[in-house]
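# Fold and contact review
For reference, the chains in residue letters:
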Protein chains: 2
Amino acid sequence: MIEYVNLDATKGYKALQDMKRSSVKDLLTTDRVRSADIALGGGLRYNWAAMPVSDEIVDGLQALADEEGLIDKYKALLSGEMMNTGEKRLVLHHLTRGNVLGVKIEKDGEEKGAFYASVLDSIREFSEKVRSGEIKGSTGKPFKTVCQIGIGGSDLGPRALYLALKGWADGEGVKTLNAEFISNVDPDDAAAVIERLDFETTLFILVSKSGTTQETLTNRDLVLETLKKAPVEGLVPSKHMVAVTSKTSPLAKDESMLAAFFMDDYIGGRYSSTSAVGGVVLSLAFGFDTFRALLEGAHEEDVKATECDIRKNGALMDAMIGFYLRNIMGYPSTAILPYSQALSRFPAHLQQLDMESNGKHVNRFGEKVSYPTGPVIFGEPGTNGQHSFYQLLHQGTDIVPLQFIGFRHCQYGKDIETAGSTSQSKLNANLAAQIAAFARGKDDENTNKEFDGNRPSSLIYGDKLTPKALGALLAHYENKVMFQGFVWNLNSFDQEGVQLGKVLAKKVLAGCEGDELLKAYADLLI
Amino acid sequence: MIEYVNLDATKGYKALQDMKRSSVKDLLTTDRVRSADIALGGGLRYNWAAMPVSDEIVDGLQALADEEGLIDKYKALLSGEMMNTGEKRLVLHHLTRGNVLGVKIEKDGEEKGAFYASVLDSIREFSEKVRSGEIKGSTGKPFKTVCQIGIGGSDLGPRALYLALKGWADGEGVKTLNAEFISNVDPDDAAAVIERLDFETTLFILVSKSGTTQETLTNRDLVLETLKKAPVEGLVPSKHMVAVTSKTSPLAKDESMLAAFFMDDYIGGRYSSTSAVGGVVLSLAFGFDTFRALLEGAHEEDVKATECDIRKNGALMDAMIGFYLRNIMGYPSTAILPYSQALSRFPAHLQQLDMESNGKHVNRFGEKVSYPTGPVIFGEPGTNGQHSFYQLLHQGTDIVPLQFIGFRHCQYGKDIETAGSTSQSKLNANLAAQIAAFARGKDDENTNKEFDGNRPSSLIYGDKLTPKALGALLAHYENKVMFQGFVWNLNSFDQEGVQLGKVLAKKVLAGCEGDELLKAYADLLI
């Protein structure tokens, strides 16, 4: 029987609070760099050598994970238990990339694994026909560009993944359809993208699970209106658009569109990159096999995350160390620092994934919790960040835990040697140097040049950012966030905090309905 | 006589600590929305109605600002006092856009105002010749694209400003040269950009004050190598490149380049957007008049920031409220939330500006301080963020102060009405709604749908994001950060925290020199 209790009701939490703190400086040795290192899926590894957790503390984290039954809860989720307690929904994003436990999940009159597999089949078939030129635009030209219209989870994840694979596809000689993204209701977002498009060869992908997202419907209308006015004879706007939505949404009933691909209520927006939400655009852009490889990497990591031994489970270790930094050490934010320009928008995706999942003040039963939950997440690629906000990370008055990501090889394969080293070596030399600098610090007579050190960091690393590695990276963070939600006894799968703003925005558009404060602000802005 | 004392040695700080706290919920009225509103430069306004500062507290902030002589310190800086005490340099970025006090500043055998004006003249002349086609590429074709190679302050500010003005230029029918940016030493950054370039019509702008920045020189070599190998007869790579650098740098001596534009040691990288660092690329992209207008807006704001009355000085008010939230309320981070897709990279620029300036643990004399200094800064445009990390902002266990930015009109002018309102109205209805939602919260029997409110926010708003408004916005934040540095008694103009990593990275590239820990990490990555 799985029990759901608050963190502060566990023995393990109290034990960790009473345990002797350890310092990164004291712990970090070359032996530890080699041993504090866990295999993830997709050929990646997670290294936690520079984290302030002694063997005793790791044992304490294991004990707490065991006491809270984190792996059992993960398995319950995988088995189709109603884990999204607020919205009373299953949580099935893992099933979009494989069946970890081999359990069949019957729901709404269908077996969900079979449903996701059938969607995948339709994505494969459609994307192959578009890429081969069998399906063409309404004026007879093959599609060259796909443009996703979506916001939040329908934008950040797919966009980050597309950018992450563009250089890989080019380096491998994989045929690529250019992808564009329109998300913001700000009309300048759509205008800037539309300016770059050749309508005859562009296929729009409209993504909204509910089919009612204000921004997405507005942008659809804006795009359709623009296409209608375009001076292209014979252009049929609706034949340049497909939908990704749930079967019950109004969009699913719109038969004017070229095709529709389905998801369901058991895939949260921020967890939807491996569903049709990411699948359609990535399969069109890079081919179905590329998306398939990404799913394989994610599934590999999902399997690894079932391991009970924290020293062999990277997602669990990352989650528990993150909890330790947040609740025992008291650090309120975490920086994501990929040394890979291809991951330029990956921190923005993780920002949503983490902050929307665990930025909660009530537990899964709706009771207020009295301990800090999800941290602030931010980040930019290195080395760029080194010339920007790293000053504060090194010498600021607060400590910010760091999550580095790096790869031995570049994607495009267009590197040169200057001053005795390649650009890629320079990039990774900087990464290695930063970890050491943050951990060890440096004494100096001039206090302005002094570094206290003891800045905790971890490193996810691998050979190259391939589709498989990317899938594993994505799943690693999804599972990390899930485990942390369990630790904090939260429901990580709803997002009630976004509702109030939506309601009030409608009120403003309806004339404020006597709400004088809204009217005062609206007067400044509209 | 100006005195420099630590925050915790002031009477004003103690007085504010003892003062009764106020709550956003209690304070926020429609009257306050109308009155807590200060004119900035460039037609912008700063509204602080939803900040938890009562009249008494604002008086306290004024008293502290007076006690610390913030305006006098600003005037000393403007007068050429050596404000960058660590590097023993003047701080003259204000002078790149006007002379606020009319004081002549003689240094290094020249009058600095005249020097910056002469650089501006050379930018005007060169950019006009390139845009008119008088200066062409080496194969005789006019330049259509400019590509800036720079990192940190030579990248983030100029890139953010370019993106901020692209839609405006299009909407106004201003002739635009496309701008691209290469920053990261990751070879995939350059490869992705180079793929898009037509070398014959591209002009590269190499930006490095010292002329020794590793990333920038590496990317210069990579670009020159690529150009040399390009199958274009008669292409002379160096004739497609100009430099922005200091007169004493190695780059200044490279006569093979088409032109050089100078800056000096008195302009910090993160403050260099209004110098040649931003001026060359913006003048080439949008014309000199556009850059000139940006400078005018910045200068207007610089003049307003000399006002002693905090209720009439937006930058001072923003700075003092920021200090209050950080040091009295104890909030460790701040989110920048522009409701303008054009400002998509502006938060990244502010992240550098703020965190690199005030992320310091020693005061301007090199003594450790015992109070928190600069906060973590992060942000993304709204409404995108609403569908992402706003969950935590509304319902997380920590409070994050918010800085909203909005404009009544869009830039492109390509808006449509759907469901009874334009996209721009929808955008701003959301903005108005969010401020109210964060401030007031909402009771609910279901605690999962309950919002505590009392989330502080401010709003900078204006008619439209024009070059002049953008200049004022940029200067507002520069001056805010400067005032906060004075409050914390910091030197906001050096960045010693970035040095250690550079030294260690060189060591890694040289084989680690017996540093076993570096070698262990290098073994994972290289």
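Predicted model only: the values in this text are computed from it and were never measured.

Rules and cut-offs
Residues numbered from 1 in each chain as written. Chains lettered and ligands numbered in written order. Predicted model: local features only at pLDDT ≥ 70, side-chain atom pairs only at ≥ 80, totals over all residues. Helix = DSSP H or I, 4+ residues; strand = E, 2+ residues; numbered from the N terminus. Contact = placed C-beta atoms within 7 Å. Buried ≥ 20, exposed ≤ 12 C-beta atoms within 10 Å, placed from the backbone. Nonpolar A, V, L, I, M, F, W, Y, C, P; charged D, E, K, R; others polar. Domains from an automatic or database assignment. Axes fitted to C-alpha atoms, helices over the stretch in contact; angles between N-to-C directions. Parallel < 35°, antiparallel > 145°, perpendicular 65-115°, else oblique. Pairing = 2+ DSSP bridges. Least-squares fit on C-alpha atoms with pLDDT ≥ 70 in both. Core = buried A, V, L, I, M, F, W, Y, C linked by C-beta atoms within 7 Å. Expected span 1.5 Å × (residues − 1). Left-handed = near helix turned anticlockwise from the far one by under 90°.

Looking only at helices and strands, one finds 18 helices and 15 strands in chain A. Across its three principal axes, chain A shows a C-alpha extent of roughly 75 × 60 × 55 Å. Contacts in chain A between residues far apart in sequence, at least 24 positions, make up 75% of those at least 6 positions apart.

Here we come to the environment of Phe 323 of chain B. All names here are of chain B. For Phe 323, the position within the fold is in helix α12 (residues 314-328). Accessibility expressed as a C-beta count within 10 Å gives 25 for Phe 323, which makes it buried. Each C-alpha atom, one on Phe 323 and one on Arg 440, is 23 Å from the other, the two residues being 117 residues apart in sequence. Setting aside residues no more than four positions away along its own chain, Phe 323 makes contact with Gln 484 and Val 487.

So, about the interface of chain A and chain B. Taken together, the 120 residues of chain A in the interface contact 120 residues of chain B. Top element by residues in the side of chain A that touches chain B is helix α15 (residues 423-440) of chain A. It accounts for 15 residues. Here the residues of the side of chain A that touches chain B sort into 50 nonpolar, 46 polar and 24 charged.

Quick look at the domain arrangement of chain A now. Split into domains, chain A comes out as domain 1 (7-94 + 296-495), domain 2 (108-293) and domain 3 (496-526). Computed from C-alpha atoms alone, the centre-to-centre distance between domain 2 of chain A and domain 3 of chain A is 31 Å.

All names here are of chain A. At a minimum axis separation of 6 Å, helix α10 (residues 276-286) and helix α11 (residues 288-304) run at an interaxial angle of 130°. Compared by their axis directions, α10 and α11 come out oblique. Here Gly 279, Leu 282, Ser 283 and Phe 286 of α10 lie close against α11, whose contacting residues are Phe 288, Thr 290, Phe 291 and Leu 294. For the contact of α10 with α11, a count of residues per class yields five nonpolar, three polar and no charged.

The next subject is the sheet that holds strand β15 (residues 457-462) of chain B. Within a sheet, neighbouring strands are paired by backbone hydrogen bonds and run either parallel or antiparallel to one another. Residue and element names in this part refer to chain B. The strand order across the open sheet formed by six strands is β1-β2-β15-β12-β10-β11, and the pairing between neighbours is mixed. The sheet is open, and its two edges are formed by β1 (37-39) and β11 (376-378), each paired on a single side. Taking the axes of each pair of neighbouring strands and ignoring which way they run, one obtains an average angle of 20° across the sheet. Two elements, β1 and strand β2 (residues 45-47), share three bridges in a ladder whose sense is antiparallel. Counterpart to Ile 38 in the pairing with β2 is Tyr 46. Helix-sheet contacts for helix α13 (residues 346-358) involve β10 (333-339) and β11, and the interaxial angle to β11 is about 170°.

This part is about the sheet that holds strand β7 (residues 202-207) of chain A. Residue and element names in this part refer to chain A. Pairing is parallel in the open sheet, where five strands are placed in the order β6-β5-β7-β8-β9. With partners counted over all chains shown, the strands left at the sheet margins are β6 (178-182) and β9 (259-263), one partner each. Neighbouring strand axes in the sheet, compared pairwise and without regard to direction, differ in orientation by 20° on average. Relative to β6, strand β5 (residues 145-149) runs parallel, the two sharing five bridges. Counted as the bridge partner of Thr 145 is Asn 178 from β6.

What follows is about the relation of the copies chain A and chain B. When chain A is brought onto chain B, the operation consists of a screw motion whose angular component is 180° and whose axial shift is 0.0 Å, with 0.0 Å RMSD remaining. These values place the two chain copies in the arrangement generated by a two-fold rotation axis. Residue Phe 378 of chain A of chain A places its C-alpha closer to the rotation axis than any other residue of that unit, at 3.1 Å. Interface residue correspondence from chain A to chain B reaches 100%, placing this contact among same-surface, isologous pairings.

Within the largest apolar cluster, 351 residues are counted, with the highest numbers of intra-cluster contacts made by Ile 205, Ala 432 and Tyr 521 of chain A together with Ile 205, Ala 432 and Tyr 521 of chain B. Setting aside chain neighbours within four positions, we find Tyr 521 of chain B in contact with Val 33, Ala 432, Ile 435 and Ala 436 of chain A.

Residues and elements named next belong to chain A. Between the first and last C-alpha of helix α12 (residues 314-328) there are 20 Å, a value that for 15 residues agrees with the 21 Å anticipated at 1.5 Å per step. Of all the 15 residues making up α12, 13 are buried; the element is thus mostly covered by neighbouring parts of the structure. One or two positions beyond α12, positive phi appears at Gly 330, with a value near 80°.

The next point concerns unusual backbone geometry. The general pattern is negative phi for most residues beyond glycine and trans for most peptide bonds. Residue and element names in this part refer to chain A. The amide bond that connects Gly 382 to the next residue, Thr 383, takes the cis arrangement and shows omega of 5°. Secondary-structure assignment places Thr 383 in the loop between β11 (376-378) and α14 (390-395). Phi at Asp 108 is positive, roughly 55°, even though this residue is not glycine. The exposure class of Asp 108 is exposed, given the 12 C-beta atoms found within 10 Å. At Asn 489, a position not held by glycine, the phi torsion is positive, near 65°.

Attention now moves to the packing of helix α13 (residues 346-358) of chain A against helix α16 (residues 467-487) of chain A. Residue and element names in this part refer to chain A. With their axes 10 Å apart at the nearest point, α13 and α16 run at an angle of 15° to one another. If you check the angle between α13 and α16, you find them roughly parallel. Of the two elements, α13 crosses α16, and the hand of that crossing is right-handed. Two secondary-structure elements touch here, α13 through Leu 350, Leu 353, Asp 354, Ser 357 and Asn 358 and α16 through Tyr 477, Glu 478, Val 481, Gln 484 and Gly 485. For the contact of α13 with α16, the per-class residue count stands at four nonpolar, four polar and two charged.

Okay, the environment of Phe 483 of chain B next. All names here are of chain B. One can find Phe 483 in helix α16 (residues 467-488). Note: C-alpha distance between Phe 483 and Thr 176 (307 residues apart in sequence) is 36 Å. With near-sequence residues (within four places) excluded, Phe 483 lies in contact with Leu 70, Ala 315, Leu 316 and Ala 319.

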